[in-house]
Amino acid sequence: MKFNTSWQYDPSPESIDHIVIDKEYGHFINGKFTKPVKGKYFATVNPARETVLSHVADGTAEDVDKAVKAARTAYDKTWSKMPASERGKYIYRIARMIQERARELSIIESLDGGKPIRESRDIDVPLAAAHFFYYAGWADKLDYAFPGRKAKPLGVAGQIIPWNFPLLMAAWKIAPALAAGNTVVLKPAETTPLTALKLAEIIRDCDLPPGVVNIVTGAGTAGASLVNHPGIDKVAFTGSTDVGKIIQKALAGTNKKYTLELGGKAANIIFEDAAIDQAVEGIINGIFFNQGHVCCAGSRLFVQEGVANNVIRKLKDRMETLIVGDPLDKNTDIGAINSKDQLNKIKALVKIGVNEGGQMYQPNCAIPSKGYWFRPTLFTDVAQSSKIVQEEIFGPVLAIQTFRTVEEVIEKANNTPYGLSGGVWTDKGSKVFKVSSKIKAGVVWANTYNKFDPTSPFGGFKESGMGREGGLHGLYPYVKLA
Ligand code: NAD
């Protein structure tokens, strides 16, 4: 099949005329944007064009200290004393203002992070609002969340997030913490701070009492200062397994509670009896959504032998139709890789995959000359021990293996240090239940993939972390129960 000639789309770029990005942003501490103590800033870059969007404060231990003190005062004097129904009203207000500014937030998310506007517009931003709405509802119903127990807030939560879903991860962290009566200090990832700073504007405009939410931008060192600050009661971290291990060591022997949402290497399993065309769409979405910068990406595909050739052919055909390019164009399926560092990491792992004997396939699609790009990629002829089968690549790279029996695929799927997510495609309900109950992962989707909802808990087994975010389970790490 030749798709390049028959599938032409006219450009459909989102307009950015109305977007206001300041030249410089300070930290958001005690309800105000404030200059960093040491006066240093760093650039945040548009990965699709390699242009500087803004400069943000480079946080140090002194800035973190100011933010934690503001959060403590707000906790002691205001937030923990406020009636829960009033707290709920503030959280609702944040949710509604996210909706009001949805278009602006989507565009800035795509500019700063490189993800297609279709995804930031239809997934990241609506889900961020949905998380605030959902947890606003719990604020005055904590007695029903934990029947027979009395839920009390922990105090100040230190929250650290990655760059793959910047606004959504901020919502996952801030909404349940506030609903349970805690105050927070959040540190966004260094490559994608802008939507968190726009959220700070929203929080300020909502008249949230000063100090209830503080946002300190900066590198990993600012994150480490937050984790190690004696004034926090809880750490909520989402990021890589390597950093998760450092944090876990730092917290050992302290009274701080913690949740760790870490990396993944999910198995997406296709049985012969699956609806194959539907499964192919699910595989494509599972690995190429958000350029594969997804902790729960279906990055290992297991296809039952009888349909392997057919599935691989259909996958290659479908990959030919994917449009890689301008994140702000509504036709785009795969946007820019988030940063030069991440692009180099993907390239290095793909090279190892080729050197280890894997057969690589990439469509011949056009990619822009400037910016950070990587074509959608699949590998066949890989072994269970191949590095690209074992390690999280966090890019648009799929490793395909085959299997014959249910027992064999369960064994192979679980043969990784991770356990975050998985997918099963079959028309037999009994097989769905058998396989999904044996996969050691926090979420297993059946005949679908990458479905998220604020009411549903999310989190990992093994080296994918501990604790759950989302749903009722997501409240539990922010309370002590009497
Ligand atoms: P990362 O671990 O490098 O960074 C995450 C955050 O931690 C950033 O804000 C960073 O500045 C900060 N940080 C770095 N070193 C630190 C330290 N020593 N102490 C405290 N904070 C520190 O991860 P990343 O590259 O930004 O994100 C990608 C990773 O996140 C992937 O492994 C992905 O699977 C994982 N992730 C997991 C989930 C989940 O829910 N399980 C969700 C999204 C992403």
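Quantities reported herein were computed from a predicted structural model and do not represent experimental measurements.

A word on the site of the ligand
Close contacts around the ligand come from 27 residues, with Ile161, Glu190, Ser240, Leu262 and Glu392 the closest. The contact in question runs from an oxygen atom of the ligand to an N or O atom on the side chain of tryptophan 163, over 3.0 Å. Between the ligand and the protein, one listed contact pairs an oxygen atom with a side-chain N or O atom of glutamate 392 at 2.5 Å. Computed on the free molecule, the ligand has an accessible area of 840 Å², of which 88% lies beneath the protein chains in the complex.

Here we look at the pairing of strand E17 (residues 421-425)
Within a regular beta strand, the side chains point alternately toward one face of the sheet and then the other, so they alternate between its two faces. Of all 5 residues making up E17, 5 are buried, and the element is well covered by its neighbours. Alternating positions in E17 separate into two faces, Ser421, Gly423 and Trp425 on one and Gly422 and Val424 on the other, with burial throughout. In this structure, strand E12 (residues 267-270) lies alongside E17, joined through 4 bridges in parallel fashion. By the bridge assignment, isoleucine 270 is partnered in E17 with tryptophan 425. Direction of pairing for E17 relative to strand E18 (residues 443-446): parallel, over a ladder of 4 bridges. Among the inter-strand pairings, valine 424 is bridged to a residue of E18, identified as alanine 446. Taken together, E17, helix H15 (residues 429-438) and E18 constitute a β-α-β crossover, and its handedness is right-handed.

Some remarks on the sheet that holds strand E1 (residues 24-25)
Strand pairing in a sheet is mediated by backbone hydrogen bonds. Such pairs are either parallel or antiparallel. An order of E1-E5-E4 is seen for the 3 strands of this open sheet, with the pairing classed as mixed. Looking at strand neighbours, the two that pair on one side only are E1 and strand E4 (41-46), the edges of this open sheet. Taken together, the 6 bridges between E4 and strand E5 (residues 51-57) define a ladder with antiparallel strand orientation. Bridge pairing in E5 links asparagine 46 to threonine 51. Sheet strands in contact with helix H3 (residues 102-113) are E4 and E5, and its direction is about 100 degrees off that of E4.

Thoughts on the pattern of salt bridges
Within the structure shown, the criterion is met by 29 salt bridges. The salt bridge partner of lysine 330 is glutamate 14, with a shortest N-O separation of 3.9 Å. Here lysine 330, found in the loop between helix H11 (305-320) and helix H12 (340-355), pairs with glutamate 14, found in the segment before E1; they are 316 residues apart in sequence, far enough to count as distant. Residue lysine 330 is classed as partly exposed on the basis of its relative accessible area, which comes to 26%. Between aspartate 233 and arginine 72 there is a salt bridge; the shortest N-O distance is 2.7 Å. Here aspartate 233, found in the loop between helix H8 (220-228) and strand E10 (234-238), pairs with arginine 72, found in helix H1 (residues 61-79); they are 161 residues apart in sequence, far enough to count as distant. With a relative accessible area of 25%, arginine 72 lands in the partly exposed category. Here the salt bridges do not stand alone but share partners, grouping Arg101, Glu104, Lys198, Glu201, Arg204 and Asp205 into one network.

Some points on the sheet that holds E12
An order of E14-E15-E16-E13-E12-E17-E18 is seen for the 7 strands of this open sheet, with the pairing classed as mixed. Each of the sheet's edge strands pairs with one partner strand only, and the pair in question is strand E14 (359-361) and E18. Averaged over all pairs of adjacent strands, the angle between their axes in this sheet comes to 20 degrees, without regard to strand direction. With 5 bridges joining them, strand E13 (residues 300-304) and strand E16 (residues 397-403) adopt parallel strand pairing. Bridged to leucine 301 within E16 is isoleucine 400. The strands touched by helix H10 (residues 276-288) within the sheet are E12, E13, strand E15 (377-380), E16 and E17, with E12 carrying the most contacts at an inclination of about 170 degrees.

Regarding helix H7 (residues 194-205)
Taking 1.5 Å of rise per residue, the 12 residues of H7 would be expected to cover 16 Å, and the 17 Å separating its terminal C-alpha atoms lies within 8% of that figure. In terms of burial, H7 is a largely internal element, 10 of the 12 residues being buried. Within H7 the residues assigned to the buried category are Leu194, Thr195, Ala196, Leu197, Lys198, Leu199, Ala200, Glu201, Ile202 and Ile203. One or two residues past the end of H7 sits aspartate 207, with phi positive at roughly 60 degrees.

Rules and cut-offs
Residues numbered from 1 in each chain as written. Predicted model: local features only at pLDDT ≥ 70, side-chain atom pairs only at ≥ 80, totals over all residues. Heavy atoms only, no water. Near = heavy atom within 4 Å. Polar contact = N/O pair within 3.5 Å; in protein donor to acceptor, adjacent residues only side chain to side chain. Areas by Shrake-Rupley, 256 points an atom, 1.4 Å probe, with all protein chains shown as cover. Buried < 20%, exposed > 50% of the residue type's maximum accessible area, 1.4 Å probe, protein only. Helix = DSSP H or I, 4+ residues; strand = E, 2+ residues; numbered from the N terminus. Pairing = 2+ DSSP bridges. Right-handed = clockwise from strand over helix to strand, strands pointing away. Contact = heavy atoms within 4.5 Å. Axes fitted to C-alpha atoms, helices over the stretch in contact; angles between N-to-C directions. Salt bridge = Lys/Arg side-chain N within 4 Å of Asp/Glu carboxyl O. Expected span 1.5 Å × (residues − 1).

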